[in-house]
Amino acid sequence: MGAKPTDKDAEILIKIPISLDVPIGPQHPAIHEPVMLKIYADGEEVVHAEINTGYNHRGIEKLMEKNSYYKDKFIASRICGICNTVHENCYTRAVEYIAGLEPSERAKHLRVLVMELERIHSHMIINAIMAEIIGFDTLFMYIMRDRELVMKAKEIVAGHRVLAELHMFGGVRRDIDDVKKEKVLDILKKLEPRIKYYRRLFEEDSSIYSRLAEVGRLKSAEVLSNSLVGPILRGSGVKSDVRAEDKYDAYGNIPWNMVVRPEGDSLARMLVRWDEALESLEMCKYILEHLPQGSAVVDERKLPRTFPPGEAYARVEAPRGELIYYVVSAGGPNPYRVKVRTPSAVNIINSAFSYIGHSVADVPVILVSYDPCISCMERAIVMDLKNNIEKRVPLKYIAQWEMQ
Amino acid sequence: MKQYTLRREVIKPNREVYIIDPAKIREVMQLIKNSYEDNVYLATIAGVDKAKENIFELNYFIHIVSLGKTIVIKTSIPRNNPKLDTIMDIIPGAYGAEAEIFDLLGIEFTGNKHLRRGFFVPLDIVSRGVYPLRKDAQV
């Protein structure tokens, strides 16, 4: 501050007289993952955003290369707590493509049932967090209470409340009987009016509307060029859903509609999630009522210990978007390479552009509408050293230099 | 697309693979983007260290929204000179994937200014100059 310039060739000096750093993150109540979003603001307006990663890199891809295919299945489902079933589904299917295994119809329907139950609770949790972020804590409590119903249903089907561990190469690990089926249908009946009520609340409540509508609007071209996926893509009017495109497992046999909204703002993304939760609910009911007969549980003792060489690229529609597993096998008991691309990785890392121009107060809303903040307020003085002129400019101006 | 394709393959299940010359990567990406009127997104880039063949293999997974299918652009570069042109100015969504591959596998994307070590890898491993996903890396 006020130091004389030592570099004689320098033409300008930028002085930042008031530098208020408020680094919230990598650990913060609004963020589920340890990521730091660094916001540079000119007054209230965001002029530049940086996303810092690497706080929790666990080296899972390397770990999977070092372990057998069977251990990897359990590692895969531990990548994410909320959407663990889609991870194991995607990995299991990639390995099945390589090995040429085909699960039975009943097993495929049970897989879809657990994945759709997971989508309902995942969409409920992010809507609850959105309610909390905009200061509606009561709604957070209510949604989280009703989410417990789904967790119970998942426990009845898979045996576990969080980590389902239902998948196995060539089938599933547990089957359900009529008693369990009725129990789950009962829970779904209780849940349906609650989700409809919350959906109406998000659409009609004036305080939720004024905080979310028109905030973080994304055009479909921006979403596509930055590779954002899932509800962000469909909230901006792009018709793309892996379940409809790949028709993996039993999705080709179950009637359902893809939810697309044209608005592209935070409210549209949240409403896409509520509508998808309702669609998932109908799918779960349909699966339980039309569950094919036959065996679903695979005899694990008869499964191969080694797998043939080959490559497989499996996609799955996780609650947050397209999840990808690319598995390379060189033969033998361990995979040669496993590449995991989670939807949050693109949705968060590539989304820095979308905060620019919005007010600081909207940043948590936009972030949560993608899923996972921080603000730094700075102002600058620019000195022309050659002419000794001091000029006060907004930080926005300097941020534009950097881009040029 | 034909004039750029050296060989065609299929990755399970039914993903068309176009094997191309690494020097043509920018032209191919521009061609795909133009021919589908920007209705495409880059799903990810997967780098594979094929140490025995002394190459790095790069797989660009491109999702064509209007057709609802994913195609794969595969190319390989020598292991002792891991350099390739960036496609970030053509497809901005390549940022995360290129930064990750540089940090984990040590492939340099020429023209990408945002590459840095420590994007994902902890600093103690960065200071030892180790690229963890290489097959000869001791971690």
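Residues numbered from 1 in each chain as written. Chains lettered and ligands numbered in written order. Predicted model: local features only at pLDDT ≥ 70, side-chain atom pairs only at ≥ 80, totals over all residues.

A. Just the overall build of chain A, in detail. In terms of regular secondary structure, chain A is built from 14 helices and 12 strands. Across the 404 residues in chain A, those meeting the buried criterion constitute 47%. (Helix = DSSP H or I, 4+ residues; strand = E, 2+ residues; numbered from the N terminus. Buried ≥ 20, exposed ≤ 12 C-beta atoms within 10 Å, placed from the backbone.)

B. Representation of the overall build of chain B in the model. Scanning chain B from N- to C-terminus turns up three helices and seven strands. Rg of the C-alpha trace for chain B: 15 Å, near the compact-globule value of 14 Å for 139 residues, within the 12% margin. Projected onto the principal axes, the alpha-carbon positions of chain B cover approximately 45 × 30 × 25 Å. Buried residues in chain B amount to 40% of all 139 residues. Long-range pairs, those at least 24 residues apart, make up 48% of the contacts in chain B between residues at least 6 apart in sequence. (Rg over C-alpha atoms; globule rule 2.2 N^0.38 Å. Contact = placed C-beta atoms within 7 Å.)

C. Quick look at the packing of helix H4 (residues 105–133) of chain A against helix H5 (residues 137–158) of chain A. All names here are of chain A. Direction vectors running N to C along H4 and H5 enclose 165°, while the axes themselves pass 8 Å from each other. Classified by the angle between their axes, H4 and H5 sit roughly antiparallel to one another. H4 and H5 meet at a crossing whose hand is left-handed. The class makeup of the residues in the contact of H4 with H5 is 17 nonpolar, two polar and six charged. (Axes fitted to C-alpha atoms, helices over the stretch in contact; angles between N-to-C directions. Parallel < 35°, antiparallel > 145°, perpendicular 65-115°, else oblique. Left-handed = near helix turned anticlockwise from the far one by under 90°. Nonpolar A, V, L, I, M, F, W, Y, C, P; charged D, E, K, R; others polar.)

D. Structural detail: the interface of chain A and chain B. Listed as interface residues are 32 residues of chain A and, on the opposing side, 33 residues of chain B. Every element with two or more residues in the side of chain A that touches chain B is listed here: helix H1 (60–66), helix H3 (84–99), helix H8 (220–225), strand S7 (310–318), strand S8 (321–329), strand S9 (337–341) and helix H12 (343–349) of chain A. Along the lines of polarity and charge, the residues of the side of chain A that touches chain B split into 13 nonpolar, 10 polar and nine charged.

E. Examining the UniProt feature "domain: NADH-quinone oxidoreductase subunit D" (unreviewed entry) in chain A more closely. Summarizing the sequence annotation, UniProt attributes the feature "domain: NADH-quinone oxidoreductase subunit D" (unreviewed entry) to residues 134–303 and 307–379 of chain A in the numbering used throughout. Along residues 134–303 of chain A one finds 56% helix and 2% strand; the C-alpha atoms at either end are 50 Å apart. (UniProt positions renumbered as here; feature names shortened; annotations may be inferred.)

F. Quick look at the sheet that holds S9(A). Residue and element names in this part refer to chain A. Spatially, three strands are ordered S7-S8-S9 in an open sheet, and the strand pairing comes out antiparallel. Each edge of the open sheet is held by one strand with a lone partner, namely S7 and S9. On average, each strand axis in the sheet is tilted by 10° relative to the strand beside it, whichever way the strands run. Inspection of the sheet shows S7 paired to S8 by nine bridges, in the antiparallel sense. In the strand pairing of S8, Arg 315 is matched with Ile 324. Contacting S7 and S8, H3 crosses the sheet at an angle of about 150° to S7. (Pairing = 2+ DSSP bridges.)

G. Summary view of the nonpolar core. Residues and elements named next belong to chain A. By size, the foremost hydrophobic cluster in this structure holds 141 residues, and its most contacted members are Ala 94, Val 95, Val 114, Tyr 325 and Val 327. Element by element, the count of residues in this core is highest for H4, at 14 residues. Structurally, this core is a two-domain feature, drawing no fewer than three residues from each of domain 1 (12–54 + 349–403) and domain 2 (60–341). Those residues within four positions of Ala 94 in sequence are excluded, and the remaining contacts are Ala 312, Ala 314, Tyr 325 and Val 327. (Core = buried A, V, L, I, M, F, W, Y, C linked by C-beta atoms within 7 Å. Domains from an automatic or database assignment.)

H. How the structure looks around the domain arrangement of chain A. Residue and element names in this part refer to chain A. The domain architecture assigned to chain A consists of domain 1 (12–54 + 349–403) and domain 2 (60–341). Each partner contributes to the interface: domain 1 provides 14 residues, whereas domain 2 provides 18 residues. Looking at the side of domain 1 that touches domain 2 residue by residue, the class counts come to seven nonpolar, five polar and two charged.

I. Examining the pairing of S7(A) more closely. Of all nine residues making up S7(A), eight are buried, and the element is well covered by its neighbours. Hairpin remark: S7(A) followed by S8(A), antiparallel, with two residues in the connecting loop.

J. Representation of unusual backbone geometry in the model. Residues and elements named next belong to chain A. A positive phi angle, close to 45°, is found at Lys 247, a residue other than glycine. Owing to 13 C-beta atoms within 10 Å, Lys 247 belongs among the partly exposed residues under this scheme. One non-glycine residue, Asp 249, lies in positive phi territory at about 45°. When you line up the elements, Asp 249 lands in the loop between helix H10 (242–246) and helix H11 (266–289). What makes Asp 249 buried here is the crowd of 22 C-beta atoms within 10 Å.

K. Fine view of the confidence of the model for chain B. Residues and elements named next belong to chain B. Overall, the prediction assigns chain B a mean pLDDT of 88, with 99% of residues at 70 or greater. Across chain B, element-level confidence peaks in strand S4 (residues 55–64) with a mean pLDDT of 93 and bottoms out in strand S1 (residues 5–11) with 83. Two numbers describe this predicted complex: its pTM, 0.86, and its ipTM, 0.92. (pLDDT = per-residue confidence, 0-100.)

L. Structural view of the environment of Lys247(A). Note that Lys247(A) resides in the loop between H10 and H11. Sequence-wise, Lys247(A) and Val316(A) are 69 residues apart; in three dimensions their C-alpha atoms are separated by 9.6 Å.

M. Structural context of the sheet that holds S4(B). Residue and element names in this part refer to chain B. One open sheet accounts for five strands, arranged S1-S2-S5-S4-S3; its pairing is mixed. Two strands close off the open sheet at either side, each with one partner strand: S1 and strand S3 (40–50). On average, each strand axis in the sheet is inclined to that of its neighbour by 25°, with strand direction left out of account. Bridging between strand S2 (residues 15–20) and strand S5 (residues 69–78) involves three bridges; their strand directions are parallel. Looking at the pairing, Ile 19 lines up with Lys 74 of S5. On top of the sheet, helix H2 (residues 94–105) reaches S3 and S4; it is set at about 10° to S3, its chief contact.

N. Up close: the UniProt feature "binding site: Mg(2+)" (unreviewed entry) in chain A. Those places that UniProt annotates as "binding site: Mg(2+)" (unreviewed entry) correspond, in this numbering, to Glu61(A) and Val340(A). The largest pairwise C-alpha distance within this set of annotated residues, which runs over 280 residues, is 7.2 Å, so the set is compact in three dimensions. For Glu61(A), the location among the structural elements is in helix H1. Exposure remark for Glu61(A): the 18 C-beta atoms within 10 Å place this residue in the partly exposed category. The residues contacting Glu61(A), other than those within four sequence positions of it, are Val338(A), Lys339(A), Val340(A) and Leu133(B). Looking at the secondary structure, you find Val340(A) in strand S9. Note on Val340(A): 21 C-beta atoms within 10 Å, which makes it buried. Residues within four places of Val340(A) in sequence aside, it is in contact with Ile60(A), Glu61(A), Ile79(A) and Tyr325(A).

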